[in-house]
Amino acid sequence: MQRIDAEAVLALARAQQQEWIDAAAAERIAVGASAAVAAVDATLRNLGPGMLVSDGAGFLEMLETLADRSA
Amino acid sequence: MNVCELTLVEAAEAIRQRRLTSRALVEAALERIAQWQPAINAYASVYADAALAAADRADAAARRADPLGPLHGVPLAHKDMFFRPGRRSSLGSRAAPPASHVQSAVLARLDAAGAIELGALNMSEFALGPTGHNAFLGDCRNPWHTDHVACGSSSGSGAAVGARLAWGSIGSDTGGSVRLPASVSGVLGLKPTNGRVSLTGMMPLAPSVDVPGILARSARDVARLLRVVAGRDPTDARSSRRPVPDYESALADGIAGLRVGVPTNYFLEGVAPDVGRALSESLRVLSALGAQVAPVTIPAPEHLTELSRVLVYSEASAVHGPWLREHAADYAPQVRMRAATGLAIPAAAYHQAQQLRPLLLRRFVEGVFPRCDVLHLPTLGIPAPTLAETDVGSAAAMWDKIAVLVRCTAPFNYLGLPALSVPCGFTDNGLPTSFQLVARPFAESTLLRIAHAFEGATDWTRRVPVLREPAAG
């Protein structure tokens, strides 16, 4: 599981010159970012072992393909 | 008859048949805005003189029997994030950049259809927030009870259409920002399929997830507006080339035999009893109209909202990063924090969320839609909360409050599917509630057919809020 803590957020903020991000803001950002990234990890785990291999379809192309398939 | 209570299509037909002038509509709307604005703060700007002048031109064209567009002379108002060259949109923020040089494709299509622009509407700052709080423009309040939220981010759109201060509105929906305000203000809210409506000239929040949406008072109104704004735009490579159907004609097809799927997992968990009663009653009505209601298990819904957040926050940080660096103090604390959350999301996680999107979409569509034509679920599983209950700023409770509000809407932003919020009653606190319909990609016609049939059997969309002053203090 990837871990994003406030210390890492503060370091990233400094690297990106977002000087307004203080310890309290970094704590909140870490919570939001961690939850989001955890969902990616969980979804990848549910897919099973192996590399993430895309079938190459763009998102709009997939929407259109699925619309045609069910029409 | 109060002309403000006509639907958009009724108003358009009255103008076309010269039973009503556009000026009469604009004047009535301006008078009503003057009465309601102090209580609900739905408008960011009112273009009174320009709207009256446009109305006079529209009336002159009708007198000359010129060809009239499908929205000829009808006053609309939109979320203040659709650009016109030289006009500065507030974007709901003290930190809004100078006027854009880009013309909104949606506004251009509405202009060509003859619509009149009454003003620009309040919104959550930079469209980042589902409650409708706004420290810069002032909070937008719910027209049914001004202590309660109008939801967001298209807060002014829901409140204005609900209070009959405009005959329709274009908002934007990145996590529920059209459907939530529509739901709590008692109007319909459509999030079209991603790619159905051009993004050109609309303020970006998260461009791969954003979609312009429609708030209006009837399914026919939504159908007419969608026909006007939908379709391929050569200036937006993300727009679909699929032909645009005649959504209004399809309304007459009825719903006999249509299969309405009710999720057995995730979406109904934690639904408040009064919302649940309204949802159940709406299913009974749909069943009586000939729909076949059946339970459907949704494949892997639990991570879709957070996957959506990976995209939204990463892209929002890309959009706002340089501006935030210079103007952070001009953003509200919650907004700048959410706009910066993507700075801490690894690029690999963003890429994975994008790569997973078509895969999970295919699984969802192939898992759900062979078993039903539409899904029926809540838009918002709780009664509309008060402004005070949701005024958490950037405190630790922020993420939880947001998660409750977007639980049933954000998954369909990630999946890009069309979704329509339809009023279906009132909760115990006297606020409107809705059901949400979700269909296959580009099946907006099916959503609108069901909403139209439901409207014909109920009167929820015809109910009008009564002006009350906000509570003191």
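Scroll up to find the structure.
The written sequence of each chain sets the order in which its residues are numbered from 1. All chains are assigned letters beginning at A, and all ligands numbers beginning at 1, according to the order in which they are written. Owing to the predicted nature of the model, reporting of local features is limited to residues with pLDDT of at least 70; listing and counting of side-chain atom pairs is limited to 80 or more, with chain, interface and lining totals taken over all residues. The basis for every side-chain value is the complete set of heavy atoms in the structure, and neither hydrogens nor water enter the calculation.

Colleague: In this structure, what is going on with the overall build of chain A? I would like to understand it.
Modeller: The numbering of helices and of strands both runs from the N terminus, where a helix is a DSSP run of H or I of at least 4 residues and a strand a run of E of at least 2. When helices and strands are counted, chain A shows 3 helices and 0 strands. For chain A, the succession of helices and strands along the chain, N to C, is α-α-α. This radius of gyration counts C-alpha atoms alone. The globule rule is 2.2 Å times how many residues there are, raised to the power 0.38. Taking 2.2 N^0.38 as the reference for a compact globule, 71 residues should give roughly 11 Å; the C-alpha atoms of chain A span a radius of gyration of 18 Å, well beyond that estimate. Over its C-alpha atoms, taken along the principal directions, chain A stretches across nearly 50 × 25 × 20 Å. Exposure is judged per residue with a 1.4 Å probe applied to protein chains only, and the accessible area is read against the type maximum: over 50% gives exposed, under 20% gives buried, and values in between give partly exposed. Looking at chain A residue by residue over its 71 residues, the buried ones come to 39%.

Colleague: Any chance you could explain the packing of aromatic side chains here in plain terms?
Modeller: Between two aromatic rings, the relevant description is the distance of the centres plus the angle of the planes. Residues and elements named next belong to chain B. Within 6.5 Å between ring centres, the rings of Phe, Tyr and Trp (the latter by its six-membered ring) count as paired, and their orientation is classed by plane angle as stacked under 30 degrees, edge-to-face over 60, tilted in between. Per the counting criterion, the structure on display carries 9 aromatic pairs over all chains. On the numbers, 5.0 Å between centres and 65° between planes, the contact of Trp 144 with Phe 426 is edge-to-face. Taken together, the residues span a long stretch of sequence, with Trp 144 in the loop between strand 4 (141-142) and strand 5 (145-149) and Phe 426 in strand 12 (residues 419-426) at a distance of 282 residues. Put simply, the rings of Tyr 266, Phe 267, Phe 364, Phe 369 and Phe 412 pair up and form one aromatic cluster. The ring of Phe 442 has Arg 242 lying over it, and the distance from NZ or CZ to the ring centre is 5.1 Å. A positively charged side chain is recorded as over a ring if its NZ (Lys) or CZ (Arg) lies within 6 Å of the ring centre. The angle to the ring normal must also be within 35 degrees. Seen from the ring of Tyr 414, Arg 357 lies directly overhead, with NZ or CZ sitting 5.9 Å from the centre.

Colleague: For this particular structure, what's the right way to read the interface of chain B and chain A?
Modeller: Think of interface size as the accessible area that goes away when the parts come together; that is how it is often given. Each partner contributes residues to the interface: chain B has 50 residues there, and chain A has 39 residues. With both sides pooled, the region where chain B packs onto chain A buries about 3700 Å², and carbon together with sulfur makes up 71% of that total. Throughout, the accessible surface (probe 1.4 Å) given up by two parts as they are put together, summed over both, is called the buried area. When residues of chain B are sorted by the area they lose upon contact with chain A, Arg 325, Leu 343 and Ala 344 of chain B head the list and together hold 15% of the total. The term salt bridge refers to a pairing of a side-chain nitrogen on Lys or Arg with a carboxyl oxygen on Asp or Glu at a separation within 4 Å. The interface formed by chain B and chain A includes 1 salt bridge. The contact criterion used is simple: two residues touch if any of their non-hydrogen atoms lie within 4.5 Å.

Colleague: How do you make sense of helix 11 (residues 333-340) of chain B when you look at a structure like this?
Modeller: Because each turn of an α-helix spans 3.6 residues, side chains separated by three or four positions in sequence point in the same direction. Within helix 11 of chain B, 6 of the 8 residues are buried, leaving the element largely enclosed by the surrounding structure. Elements that come into contact with the buried residues of helix 11 of chain B comprise helix 2 (23-47) of chain A together with helix 10 (304-327) and helix 14 (398-406) of chain B.

Colleague: When you look at the pairing of strand 13 (residues 432-439) of chain B in this model, what are you seeing that I'm missing?
Modeller: On a regular strand, each side chain points to the face opposite its neighbour's, so the side chains alternate between the two faces of the sheet. Residue and element names in this part refer to chain B. Judged by how many residues are buried, strand 13 sits mostly within the fold: 8 of 8 residues are covered. In strand 13, alternate side chains face the same way, and those of Pro 432, Ser 434, Gln 436 and Val 438 on one face and Thr 433, Phe 435, Leu 437 and Ala 439 on the other are all buried. The pairing criterion for strands is at least two bridges between them, as found by DSSP. When strand 11 (residues 374-378) meets strand 13, the two strands line up antiparallel, connected through 5 bridges. By the bridge assignment for strand 13, Pro 378 is matched with Phe 435. The hairpin formed by strand 12 and strand 13 contains 5 residues between the paired strands, and Gly 430 there has a positive phi angle of roughly 85°.

Colleague: What exactly am I supposed to notice about the sheet that holds strand 2 (residues 75-79) of chain B here?
Modeller: Backbone-to-backbone hydrogen bonds pair the strands of a sheet. The strands run either parallel or antiparallel. Residue and element names in this part refer to chain B. Sheet architecture is open: 3 strands sit in the order 1-3-2, paired in mixed fashion. Looking along the sheet, the strands with just one partner apiece sit at the ends: strand 1 (43-46) and strand 2. Between one strand axis and the next, the sheet turns through 35° on average, direction left out of account. Sheet topology note: the strand 1/strand 3 (residues 116-121) ladder contains 3 bridges and is antiparallel. Angular values range over 0 to 180 degrees, each being the angle between N-to-C directions of two axes fitted as lines to C-alpha atoms, with helices fitted over their stretch in contact.

Colleague: In this structure, what is going on with the nonpolar core? I would like to understand it.
Modeller: Here, nonpolar core refers to any group of buried Ala, Val, Leu, Ile, Met, Phe, Trp, Tyr and Cys residues whose side-chain atoms link them within 4.5 Å. Of all hydrophobic cores here, the largest spans 185 residues; its most connected members are Ile 21 of chain A together with Tyr 43, Leu 110, Leu 118 and Trp 167 of chain B. Counting residues in hydrophobic clusters, the runner-up holds 5 residues, among them Val 161, Val 178, Ala 182 and Leu 215 of chain B.

Colleague: Looking at this structure, how should I read the side chain of His 320 of chain B?
Modeller: By the element assignment, His 320 of chain B lies in helix 10. Excluding anything up to four places from it in sequence, His 320 of chain B contacts Phe 126, Tyr 331 and Ala 339 of chain B.

Colleague: So what exactly am I meant to see when it comes to empty space enclosed by the protein here?
Modeller: All names here are of chain B. Here a cavity denotes grid points, spaced 1 Å and computed from the protein atoms alone, that fit a 1.4 Å probe unable to get out, and a pocket denotes an open set having protein on both sides within 12 Å along at least 5 of 7 lines; residues with an atom within 4 Å of a point are the lining. Grid points are joined across faces, edges and corners, and a volume is the space filled by probe spheres set on the points. Evaluation of the coordinates by the stated rule reveals 6 cavities of 30 Å³ or more. Its volume calculated, the largest cavity comes out at about 220 Å³. Lining the largest cavity are 20 residues, and of these Thr 174, Gly 175, Val 312, Arg 338 and Val 406 sit closest to its centre. A per-element tally of the lining of the largest cavity places helix 10 first, with 5 residues. When residue character is reported, Ala, Val, Leu, Ile, Met, Phe, Trp, Tyr, Cys and Pro are called nonpolar, Asp, Glu, Lys and Arg charged, and the others, Gly included, polar. Considering only residue class, the lining of the largest cavity consists of 9 nonpolar, 9 polar and 2 charged.

Colleague: Whenever I open this one, the sheet that holds strand 13 of chain B confuses me. Can you help?
Modeller: All names here are of chain B. Judged by pairing direction, the sheet is mixed, and its 8 strands sit side by side in the order 6-8-7-12-13-11-9-10 without closing on themselves. Two strands bound the open sheet, and with one partner strand each, they are strand 6 (169-172) and strand 10 (292-296). Across this sheet, the average inter-strand angle for adjacent strands is 30°, counted without regard to direction. The sheet contact formed by strand 9 (residues 259-263) and strand 11 spans 2 bridges and is parallel. Its bridge partner being in strand 11, Gly 261 is matched across the sheet by Leu 375.

Colleague: For this particular structure, what's the right way to read the packing of helix 1 (residues 6-15) of chain A against helix 2 of chain A?
Modeller: A pair of packed helices is characterised by two quantities: the angle between their axes and the separation of those axes. All names here are of chain A. For the pair helix 1 and helix 2, interaxial distance at closest approach is 8 Å and the crossing angle is 110°. As far as their axial angle goes, helix 2 and helix 1 are roughly perpendicular. Between helix 1 and helix 2 lies a crossing whose hand is right-handed. Seen from helix 1, the contacting residues are Ala 6, Val 9 and Leu 10; seen from helix 2, they are Ala 23, Ala 26, Glu 27, Ile 29 and Ala 30. When the residues that make up the contact of helix 1 with helix 2 are grouped by side-chain class, the tally is 7 nonpolar, no polar and 1 charged. We call two directions roughly parallel when the angle between them is under 35 degrees, roughly antiparallel when it is over 145, roughly perpendicular when it lies between 65 and 115, and oblique otherwise. For any helix crossing, the convention is left-handed if the near helix is rotated counterclockwise from the far helix by under a right angle, and right-handed if that rotation is clockwise.

Colleague: What is the right way to look at the pattern of salt bridges in this model?
Modeller: A pair can form between side chains of opposite charge whenever their charged atoms are brought close. All names here are of chain B. Tallying each qualifying case throughout the model produces 23 salt bridges over all chains. The shortest N-O distance in the salt bridge between Arg 64 and Asp 66 comes to 2.7 Å. The class of Arg 64 is exposed, set by a relative accessible area of 54%. Of the residues examined, Asp 66 reaches a relative accessible area of 28% and is grouped as partly exposed. In the salt-bridge network here, residues are joined through shared partners; they are Glu 13, Arg 16, Arg 220, Arg 224 and Glu 248.

Colleague: Which parts of the structure should I look at to understand the state of the cysteines?
Modeller: Two cysteines, two sulfur atoms, one covalent bond between them: this is a disulfide. Residues and elements named next belong to chain B. The disulfide definition used here is simple: a pair of cysteine sulfur atoms within 2.5 Å. In the structure shown here, the tally under the stated rule is 0 disulfides over all chains. Free of any disulfide, Cys 140 has its nearest neighbouring cysteine sulfur in Cys 151, separated by 10 Å. Judged by its relative accessible area of 0%, Cys 151 falls in the buried class.

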